[in-house]
Amino acid sequence: MDKIIIEGGKPLKGEVSISGSKNATLPILAATLLTDETCILRNVPKLLDTHTMIKLLKSLGKDIEWDKDKLIIMSAGKPNPVADYKLVSTMRGSICVLGPLLTKLGEARVSLPGGCVIGVRPVDLHIKGVEALGAKVDIEAGYIIARTKRLKGTRVYLGGASGPSVLGTANIMMAATLAEGETVIECAACEPEVEDLANFLNEMGARIKGQGSPRIIIQGVRKLHGADYKISPDRIEAGTFVLLAAMARSHFVIRDIDYHQLMALEDVLSKVGVHVEADKNMVRVKPAKVIKPVSITTYPFPGFPTDLQAQYMALMTLADGVSVIRDTVFPDRFMHIAELNRMGARIRREGGSAIIEGGHELCGAPVIASDLRASAALVMAGLVARGKTEIRRVYHLDRGYENIDKKLMALGASIKREKE
Ligand code: UD1
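Note that this is a predicted model, so its numbers are computed, not measured.

How each quantity is defined
- Residues numbered from 1 in each chain as written.
- Predicted model: local features only at pLDDT ≥ 70, side-chain atom pairs only at ≥ 80, totals over all residues.
- Heavy atoms only, no water.
- Salt bridge = Lys/Arg side-chain N within 4 Å of Asp/Glu carboxyl O.
- Helix = DSSP H or I, 4+ residues; strand = E, 2+ residues; numbered from the N terminus.
- Buried < 20%, exposed > 50% of the residue type's maximum accessible area, 1.4 Å probe, protein only.
- Pairing = 2+ DSSP bridges.
- Axes fitted to C-alpha atoms, helices over the stretch in contact; angles between N-to-C directions.
- Contact = heavy atoms within 4.5 Å.
- Expected span 1.5 Å × (residues − 1).
- Polar contact = N/O pair within 3.5 Å; in protein donor to acceptor, adjacent residues only side chain to side chain.
- Near = heavy atom within 4 Å.
- Areas by Shrake-Rupley, 256 points an atom, 1.4 Å probe, with all protein chains shown as cover.
- Parallel < 35°, antiparallel > 145°, perpendicular 65-115°, else oblique.
- Left-handed = near helix turned anticlockwise from the far one by under 90°.
- Lys, Arg positive; Asp, Glu negative; His and termini not counted.

Asks: What should I look at first to understand the pattern of salt bridges in this one?
Replies: Pairing is possible between side chains of opposite charge, provided their charged atoms come close. Using the criterion set out here, one finds 29 salt bridges in the structure. Two residues, R399 and D49, come together in a salt bridge whose shortest N-O distance is 2.9 Å. Taken as a pair, R399 in the loop between helix 13 (395–398) and helix 14 (404–410) and D49 in helix 2 (residues 48–59) lie far apart in primary sequence, 350 residues in all. The salt bridge involving R333 is made with D307; its shortest N-O contact spans 2.8 Å. Here D307 lies in the loop between strand 20 (296–298) and helix 10 (309–316) and R333 lies in the loop between strand 21 (322–327) and helix 11 (336–342), a separation of 26 residues in the sequence. Accessibility classification places R333 together with D307 in one group, the buried group. One network of salt bridges, with partners in common, ties together D2, D398, D405, R417 and K419.

As structure tokens, then:
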């Protein structure tokens, strides 16, 4: 396992380009199970999570190869409806093969993914959705076993206690593409990744309307065909670099970014005092004179994303006063508090909120990355801290940030990897 060593306090400046979206790529890869024809995907980020998804698809009967930056997905022999525990347990995103396998093969056996450090992460909405489409679902030996002759279109409400589900919406939307008749998903997730998936499915011949809104309407078709599609930029990676620029008080130019997808962040940063100038698919970040404390609450899109909560907390450790962060999407997603405190931050948790007393200098320390976005927050803190920070379990970072070391080095960071 690798650890990252950062020598903090180096001035950062320059340009960075954003990779393709991880959270769009995972369900789009799963969607290729809906056809026997070849699909080509462009701008797929080379990440641990995409490699895991590729492995899973190969185990389900696909043949996949890279041709420079294109990913080519072909069918190879008889498809297999069993998504094995070993692969699914390493990445929750694997749950989105349930809908495509079920609707295409009439059967899916998908391991229950289990929880993770950011919370319990149930899959009741995924099951509710496929049952509403007429599938018979059993849970046996840790697997969801779903069967159907052909799914039937229906109207289904997919809101849960914490709002809509991103991958739940993706799963049911994919399942409905080959169902008989019309499906209406109410309280659908509006995240841009759901929109990206729907656009890809429409390129494959699906008939989907309303993506990006809380009501998605799908007219089922008999068959989907291959497609050639370019994945959109990763808004969470983009937001992470914007927040890093703010934290390091640096001038960054960030390219291949769709800043419209980060309106909640833009709004908050304008109150924090950070100036972000957007122009087509690039932004310029200018540092704040004083980082003002601004409290936030995370919400489903278009609200402030939970996937930027840890990175925003890192920024607030430098603010001139107290701020409060509440996560309504994953109320237990606060593992980074203890590690940031090891670096000199003063943060305490009260129920579903974190209270950050900003303005205390960060200093380097050995820390452990607990999950993907927490790792990003620790890297950001390490880059601005005085002295050396050693981050262990950085494989979490490699799940979601393509070429992160190279990108940071190009901005002037002193960062290296060593075997633990
Ligand atoms: C996706 C993202 C993840 C992001 C999350 C929320 C991918 C691969 N992952 O995860 O990075 O943090 O959206 O934006 O795209 N819930 C239920 N029942 C369910 C499903 C979810 O109650 O069946 C709850 C969850 O516990 C959570 C909330 O709904 O409180 C949102 O979760 P969800 O949108 O499903 O997250 P994912 O799609 O797994």
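Asks: Explanation requested: unusual backbone geometry in the structure shown.
Replies: One can expect most non-glycine residues to show negative phi and most peptide bonds to be in trans. Residue P302 is bonded to the preceding F301 through a cis peptide linkage, with omega at 10°. Here P302 is to be found in the loop between strand 20 and helix 10. For N43, which is not glycine, the phi torsion reads 65° and is therefore positive. Using a relative accessible area of 30% as the deciding quantity, one classes N43 as partly exposed.

Asks: Help me out: how do you make sense of the sheet that holds strand 2 (residues 14–17) in this one?
Replies: Sheet strands pair via backbone hydrogen bonds, and the direction of the pair is either parallel or antiparallel. Overall, mixed pairing links the four strands, which are arranged 2-17-19-18 in an open sheet. Either end of the sheet is taken by a strand with one partner, and the two such strands are strand 2 and strand 18 (275–279). Ignoring strand direction, the axes of neighbouring strands in this sheet form an average angle of 20°. As judged from the four bridges shared by strand 17 (residues 252–255) and strand 19 (residues 282–286), these two strands associate in the antiparallel manner. By the bridge assignment, I254 is partnered in strand 19 with V283. Relative to strand 17, helix 8 (residues 235–247) is tilted by about 175°, and along the sheet it contacts strand 2, strand 17, strand 18 and strand 19.

Asks: How should I be thinking about helix 6 (residues 166–177) in this particular structure?
Replies: Because an α-helix packs 3.6 residues into every turn, residues spaced three or four apart end up facing the same way. Here helix 6 spans 17 Å end to end across 12 residues, near enough to the 16 Å set by a 1.5 Å rise per residue. With 10 of its 12 residues buried, helix 6 lies for the most part within the structure. The complete set of buried residues in helix 6 reads G168, T169, A170, N171, I172, M173, M174, A175, A176 and T177. Backbone nitrogen of G168 and a side-chain oxygen of the N-cap are separated by 2.9 Å at the start of helix 6; the cap is S165.

Asks: Got a minute to help me understand the site of the ligand in this structure?
Replies: In the vicinity of the ligand, 19 residues are found, and the nearest of them are D124, S165, V166, D307 and V329. Take D124: an N or O atom from its side chain is 2.7 Å from a nitrogen atom of the ligand. D307 has a polar side-chain atom sitting 2.6 Å from an oxygen atom of the ligand. Look at the ligand: alone it shows 740 Å² of surface, and the protein chains cover 90% of it. With three residues, the single largest contributor to the shell around the ligand is helix 5 (residues 124–132).

Asks: Looking at this structure, how should I read the sheet that holds strand 10 (residues 155–157)?
Replies: Strand order in the open sheet made by the four strands is 10-13-15-14, with mixed pairing throughout. The open sheet terminates on both sides in strands that have one partner only, identified here as strand 10 and strand 14 (207–209). Going from strand to strand, the sheet's axes swing by 15° on average, the running direction of each strand aside. Summarising the sheet, strand 13 (residues 182–186) and strand 15 (residues 215–219) pair through five bridges and their orientation is antiparallel. Paired with E182 across the two strands is Q219, which belongs to strand 15. Across the sheet, helix 6 lies against strand 10, strand 13, strand 14 and strand 15, angled at about 25° from strand 15, the strand it touches most.

Asks: Help me understand the packing of helix 1 (residues 22–31) against helix 6 in this model?
Replies: In a pair of packed helices, the angle between the axes and the distance between the axes together describe the arrangement. At a minimum axis distance of 11 Å, the contact between helix 1 and helix 6 shows a crossing angle of 20°. Classified by the interaxial angle, the pair formed by helix 1 and helix 6 is roughly parallel. At the point where helix 1 passes helix 6, the crossing takes the right-handed sense. Here P27, A30 and A31 of helix 1 lie close against helix 6, whose contacting residues are L167, A170 and M174.

Asks: Is there a simple way to think about the pairing of strand 4 (residues 62–67) in this case?
Replies: Successive residues of a regular strand alternate their side chains across the two faces of the sheet. Two strands pair when backbone bridges link them, and strand 4 and strand 5 (residues 70–75) are joined in this way by six bridges, in the antiparallel orientation. Residue pairing across strands places K62 opposite S75, the latter belonging to strand 5. Counting the residues that bridge the hairpin from strand 4 to strand 5 gives two residues, and of these K68 lies at a positive phi of roughly 55°.

Asks: Could you clarify how one ought to interpret the side chain of E402 in this entry?
Replies: Relative to the helices and strands, E402 resides in the loop between helix 13 and helix 14. Of the side chains bearing the opposite charge, K407 lies closest to the buried E402, which forms no salt bridge; the N-O distance is 4.9 Å. Here K46 takes part through its backbone nitrogen, which lies 2.6 Å from a polar atom of the side chain of E402. What E402 contacts, discounting residues up to four positions off in sequence, is S19, V44, P45, K46, L47, E237 and K407.

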